[in-house]
Amino acid sequence: MMASIWDKTTETGLDRPTVIEADDVWKTFKVYKERNPSLKETLLRGRSAYDTFWALKGVSFAVKEGSTLGLIGENGSGKSTMLKILAKILRPKRGSVRIDGKVSALLELGAGFHPDLTGREIVFLNGSILGLTKSEIAAKLDQIISFSELDKFIDTPVKNYSSGMYVRLGFAVAINVEPDVLLIDEILAVGDESFQRKCLNKLYDLKEQGKTIVVVSHALESVRSICDEAVWLEHGEMRAEGSARGVVETYLEEVNRREEAKSGQKSRDEEEFGTRWGSGEVKITGVRVLDGGGKKRRLFKTGETLIVEMDYEAKEEIRRPVFGIAIHARDGVHINGTNTKFSKTVFDKIKGNGTVKYIIEALPLLKGNYVLSTVVYDFACLHAYDHHDRRYLFNVSSGDLNDYGIFYLPCAWELKSGREKK
């Protein structure tokens, strides 16, 4: 069994009680090999054959009061199942879960929303489920409606709501019942940008108030910024736990490693992405993205060394070729383009096989997905011998940096106070 996130010997959080504890939790589901039988079919020939699927396998963790925990992992890893067990919607096959205090959960889209009820009726229904009296709900009603921004639609049946409106109403109710523990599934990914920011700001407010929060999310940047700790689940098992930043970095490194292993660098980069053209007197025969130690990498951190090696083959003597690199964001933004001519690096002539290196000593890019173009042209840069357009992928993690945008710009801050009046 893995150690608890907040081990009793850890200095951080010693003065705060543990409010959530999952101890060796296992959960199974039946996966039927045929469609679900009707009652008549069940009586005539018995239940359909099924396989047992273990959604959780010995998951253990603990969360201190006032902490925020993120559950991350790919689809089907057991994150939402674990959250439902915490919310007591599901019961574990083995193991136990303990939560102290009032729990408010925001799980599947529209969970608990009867389509024929109005938004106002849903507020009273969900509030009562969460333990509030009718008078307590009435006292909070204006606050809930105001946060949801659904004033014009609050008396409309929720079957006419969009997915974003469902989220607005559900989140507004969940946070305004004054919970001690808030459980949130990926549902916050739905909705417009403005409301997502509003929800995130509210989560920060709840953190400052000392509320305990558990979040399931694929939005790893949000997990890094909101959560204190994180647990990475894979196929129902815990792969990593610890600080949110550390667990997210470990997860991203594994995702990129698997992508490379599954498809192979050359087949993935040269066959699946981008386009290629050129007359062929010089051909780029291989492209490798390396770190400062010469190791192939797909994931880099801001500030690390990045090297692009281009293997070429010149079947005849080519005078003064120009090799170039361009970096694009995956959304199409052209971030930078340069070549050997711009850099005043002139190769007098080439023939046969060789390798050209492009070196960035300290990568200034912030977190994002990027793609490289590699080219070789004549000296006038008018004739393409070989042009590989947007074919080589790499990703960047900002590490401990909190800057946002595309580039990291080193800077300093100074404060100069005004002179006191005499």
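Bear in mind that the values here come from a model prediction, so they are computed numbers and not experimental data.

Conventions and cut-offs
Residues numbered from 1 in each chain as written. Predicted model: local features only at pLDDT ≥ 70, side-chain atom pairs only at ≥ 80, totals over all residues. Heavy atoms only, no water. pLDDT = per-residue confidence, 0-100. Helix = DSSP H or I, 4+ residues; strand = E, 2+ residues; numbered from the N terminus. Contact = heavy atoms within 4.5 Å. Pairing = 2+ DSSP bridges. Axes fitted to C-alpha atoms, helices over the stretch in contact; angles between N-to-C directions. Phe/Tyr/Trp six-rings, centres within 6.5 Å; stacked < 30°, edge-to-face > 60°. Buried < 20%, exposed > 50% of the residue type's maximum accessible area, 1.4 Å probe, protein only. Salt bridge = Lys/Arg side-chain N within 4 Å of Asp/Glu carboxyl O. Parallel < 35°, antiparallel > 145°, perpendicular 65-115°, else oblique. Left-handed = near helix turned anticlockwise from the far one by under 90°. Expected span 1.5 Å × (residues − 1). Arc of directions from axis to C-beta.

## Topic: the confidence of the model for the protein
Step number 1: When pLDDT is averaged along the protein, the result is 84; 86% of the residues meet or exceed 70.
Step number 2: Averaged over each element, pLDDT in the protein is lowest for helix 9 (residues 265-271) (45) and highest for strand 16 (residues 349-360) (96).
Step number 3: When the criterion is pLDDT under 50, residues 265-272 qualifies, and its contacts beyond four places in sequence or with other chains add up to 21 contacts.

## Some words on the sheet that holds strand 13 (residues 306-319)
Step number 1: Judged by pairing direction, the sheet is antiparallel, and its three strands sit side by side in the order 11-13-16 without closing on themselves. Across the chains shown, the open sheet's two edge strands, defined by having one partner strand only, are strand 11 (282-291) and strand 16. Pairwise comparison of adjacent strand axes, ignoring direction, gives a mean angle of 20° for this sheet.
Step number 2: As paired elements, strand 13 and strand 16 share 11 bridges and run antiparallel to each other. Counterpart to Arg 319 in the pairing with strand 16 is Lys 349.

## Considerations on the packing of aromatic side chains
Step number 1: For the structure shown, the criterion picks out nine aromatic pairs.
Step number 2: Ring centres 5.6 Å apart and planes at 25° place the aromatic pair Tyr 370 and Phe 394 in the stacked group. Highlighted residues: Tyr 370 in strand 17 (residues 368-377) and Phe 394 in strand 18 (residues 384-397), separated in sequence by 24 residues.
Step number 3: With a relative accessible area of 4%, Tyr 370 lands in the buried category.

## Concerning the sheet that holds strand 8 (residues 229-234)
Step number 1: If you walk across this open sheet you meet the six strands as 5-6-7-3-8-9, and the pairing is mixed. Two strands close off the open sheet at either side, each with one partner strand: strand 5 (103-106) and strand 9 (237-243). Across the sheet, the axes of successive neighbouring strands diverge by a mean angle of 15°, strand direction being ignored.
Step number 2: Two strands pair when backbone bridges link them, and strand 8 and strand 9 are joined in this way by six bridges, in the antiparallel orientation. What sits directly across from Glu 229, in strand 9, is Ser 243.
Step number 3: Strand contacts of helix 2 (residues 79-86): strand 3 (68-72), strand 6 (181-184), strand 7 (212-216) and strand 8, with the helix running at about 150° to strand 7, the strand carrying the most contacts.
Step number 4: With respect to the sheet, helix 5 (residues 163-176) is in contact with strand 5 and strand 6, its orientation differing from that of strand 5 by roughly 170°.

## Details of the pattern of salt bridges
Step number 1: Counted according to the given criterion, the structure contains 18 salt bridges.
Step number 2: Asp 116 is the partner of Lys 159 in a salt bridge, and the nearest nitrogen-oxygen pair spans 3.3 Å. Note that Lys 159 is positioned in the loop between helix 4 (134-148) and helix 5 and Asp 116 in the loop between strand 5 and helix 3 (119-129), a separation of 43 residues in sequence.
Step number 3: We classify Asp 116 as partly exposed; its relative accessible area is 47%.
Step number 4: Among the salt bridges present, the one from Asp 155 reaches Arg 120, with a minimum N-O distance of 2.8 Å. Note that Asp 155 is positioned in the loop between helix 4 and helix 5 and Arg 120 in helix 3, a separation of 35 residues in sequence.

## Notes on the pairing of strand 7
Step number 1: Of all five residues making up strand 7, five are buried, and the element is well covered by its neighbours.
Step number 2: Here strand 7 shows a buried face lined by Thr 212, Val 214 and Val 216 and a second buried face lined by Ile 213 and Val 215.
Step number 3: As paired elements, strand 3 and strand 7 share four bridges and run parallel to each other. By the bridge assignment for strand 7, Thr 68 is matched with Ile 213.

## As for helix 2
Step number 1: Of all eight residues that make up helix 2, seven are buried, and the element is covered over most of its length.
Step number 2: Taken together, the buried positions of helix 2 are Lys 79, Thr 81, Met 82, Leu 83, Lys 84, Ile 85 and Leu 86.
Step number 3: Looking at the residues trailing helix 2, positive phi occurs at Lys 88, about 65°.

## Quick word on the packing of helix 3 against helix 4
Step number 1: It is at 10 Å that the axes of helix 3 and helix 4 come closest, and there the two elements cross at 130°. When the axes of helix 3 and helix 4 are compared, the pair comes out oblique. Where helix 3 crosses over helix 4, the handedness of that crossing is right-handed. On helix 4, the residues touching Arg 120, Val 123, Phe 124, Gly 127 and Ser 128 of helix 3 are Lys 134, Ile 137, Ala 138, Leu 141, Ile 144 and Ile 145.

## What to know about the environment of Met 310
Step number 1: Topologically, Met 310 is positioned in strand 13.
Step number 2: Leaving out residues up to four positions away in the same chain, Met 310 has contacts with Ile 284, Gly 286, Val 287, Phe 323, Gly 324, Ile 325, Gly 354, Thr 355, Val 356, Thr 374 and Val 375.

## So, helix 6 (residues 193-208)
Step number 1: Over its 16 residues, helix 6 runs 23 Å from end to end, which matches the ideal 22 Å to within 8%, given 1.5 Å per residue.
Step number 2: Regarding helix 6, the residues found buried are Phe 195, Cys 199, Lys 202, Leu 203, Leu 206 and Lys 207. Down the axis of helix 6, the buried side of the element spans an arc of 145°, and every buried residue falls inside it. Turned more than 90 degrees from where helix 6 packs its buried face, Ser 194, Arg 197 and Glu 208 sit exposed.
Step number 3: Against strand 3, helix 4, helix 5, strand 6, strand 7 and helix 7 (220-226) lie the buried residues of helix 6.

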